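Chains, contacts and geometry: an overview
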Amino acid sequence: MPQQTTGSTNDSTTGPGTAAPRATAAGTAGPAAGVTASLLSLGVIAGPVYVVVSVVQALTREGFDLTRHAWSMLANGDLGWIQVTNLVVAGLATVACAAGLRRALTGGAGAAWIPRLVAVYGVSLIGAGIFRADPGMGFPPGTPEGPGPVSRHGTLHFAVGAVGFLCVIAACLVAGRGFAAEGRRGWGLYSRITGGLFLVTFLCIAAGGGATWSILTFVTGVVVVWAWISALSFHLHRRVSPGRA
């Protein structure tokens, strides 16, 4: 996984057969390093902005109940455009972050696959904004109680979301393997726990049938995986920022 390197170009890659990507040397690429740092900074803020905007809406939108309604349902109603925009902006920022990861990581299979998987997650967020979740469970106000019928765009919302969730889970696990290969046990364990926890919470929301425990569990998983993306982006941002030794 990411590691600051010095010396020749060959020093920035891992040995044959390893899967541990490393960060490019900080401050050695001039303007290019600034571009990489800017892209990674979007990864740092994407999750916090998405979570804050979602929580503020959840606490202020009439009829929305955090224990009964998934955040994606905020895309419905007269103010639904706020959550649609939130999803699309978060997705675009995540795709930009993936570009930063691709520029910052060199060597090993992880250097190629982590950015790809994160990019697919970003695209899935954009898709989730375009294909809105169906209204139901009494939200927005005037909607009958119960899950309600599943529309075509609702089905696509779930489909693109599932693809994105599985990809970000895979990114966590690939990163965990890479960190472990470098002997960085803390980051390796953190990445693998994040991936495993988010997988469990995704299965909970898929099988929970709208139960309170499944919704709250999934919200926890969403916050945890966004925190991982922010932490990884910040970690790399510090190493590739121009002027850092």
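Here the structure is a predicted model, which means the values were calculated and not measured.

Criteria and cut-off values
- Residues numbered from 1 in each chain as written.
- Predicted model: local features only at pLDDT ≥ 70, side-chain atom pairs only at ≥ 80, totals over all residues.
- Heavy atoms only, no water.
- Phe/Tyr/Trp six-rings, centres within 6.5 Å; stacked < 30°, edge-to-face > 60°.
- Helix = DSSP H or I, 4+ residues; strand = E, 2+ residues; numbered from the N terminus.
- Buried < 20%, exposed > 50% of the residue type's maximum accessible area, 1.4 Å probe, protein only.
- Lys NZ or Arg CZ within 6 Å of the ring centre and 35° of its normal.
- Patch = residues over 30% accessible without salt bridge, like charges linked within 9 Å, V, L, I, M, F, W, Y side chains within 5 Å.
- Areas by Shrake-Rupley, 256 points an atom, 1.4 Å probe, with all protein chains shown as cover.
- Salt bridge = Lys/Arg side-chain N within 4 Å of Asp/Glu carboxyl O.
- Core = buried A, V, L, I, M, F, W, Y, C linked by side-chain atoms within 4.5 Å.
- Contact = heavy atoms within 4.5 Å.
- Expected span 1.5 Å × (residues − 1).

1. Considerations on the packing of aromatic side chains
- Under the defined criterion, the tally for this structure stands at 10 aromatic pairs.
- With centroids separated by 5.6 Å and ring planes inclined at 55 degrees, the aromatic side chains of Tyr121 and Trp226 adopt a geometry described as tilted. Here the residue Tyr121 occupies a position in helix α3 (residues 109-130), and Trp226 occupies one in helix α6 (residues 212-240), the gap between them amounting to 105 residues.
- Among the residues examined, Tyr121 registers a relative accessible area of 2% and is labelled buried.
- Accessibility expressed as a relative area gives 2% for Trp226, which makes it buried.
- Taken together, the ring pairs in this structure connect Tyr50, Trp71, Tyr121 and Trp226 into an aromatic cluster.
- In this structure, Arg116 packs its charged tip against the face of Trp113, placed 5.0 Å from the ring centre.

2. Points about a nonpolar patch on the surface
- Among the surface-exposed residues, Leu42, Ile45 and Val49 lie close enough to one another that they form a single nonpolar patch of about 220 Å² accessible area.
- Within the secondary structure, Ile45 sits in helix α1 (residues 31-60).
- The partly exposed category is assigned to Ile45, whose relative accessible area is 45%.

3. Looking at the pattern of salt bridges
- Enumeration according to the criterion identifies two salt bridges in this entry.
- Residue Glu145 pairs with Arg68 through a salt bridge whose shortest N-O separation is 2.6 Å. Of this pair, Glu145 sits in the loop between α3 and α4 (152-181) while Arg68 sits in the loop between α1 and α2 (80-104); the two residues are 77 residues apart in sequence, bridging distant segments of the chain.
- Judged by its relative accessible area of 58%, Glu145 falls in the exposed class.
- Overall, Arg68 belongs to the partly exposed group, its relative accessible area being 27%.
- Where Glu182 meets Arg184, a salt bridge forms, and the shortest distance between an N and an O atom there is 3.8 Å. Across the pair, exposure class does not vary: Glu182 and Arg184 are buried alike.

4. Thoughts on the nonpolar core
- Ranked by size, the top nonpolar core spans 47 residues in total, and within it Tyr50, Leu101, Tyr121, Phe198, Trp226 and Trp228 carry the most contacts.
- Secondary structure elements with two or more residues in this core: α1, α2, α3, α4, α5 (185-207) and α6.
- For this core, the leading source of residues is α6, giving 10 residues.
- Beyond its immediate chain neighbours, meaning those up to four positions away, Phe198 contacts Phe165, Val168, Ile169, Phe218, Gly221, Val222 and Val225.

5. Description of α5
- Compared with an ideal rise of 1.5 Å per residue, which puts 23 residues at 33 Å, α5 spans 33 Å between its outermost C-alpha atoms and is within 8% of the ideal.
- Among the residues of α5, Trp187, Gly188, Ser191, Thr194, Gly195, Phe198, Thr201, Phe202 and Cys204 are the ones counted as buried.
- Just downstream of α5 lies Gly209, where phi reads positive at about 60 degrees.

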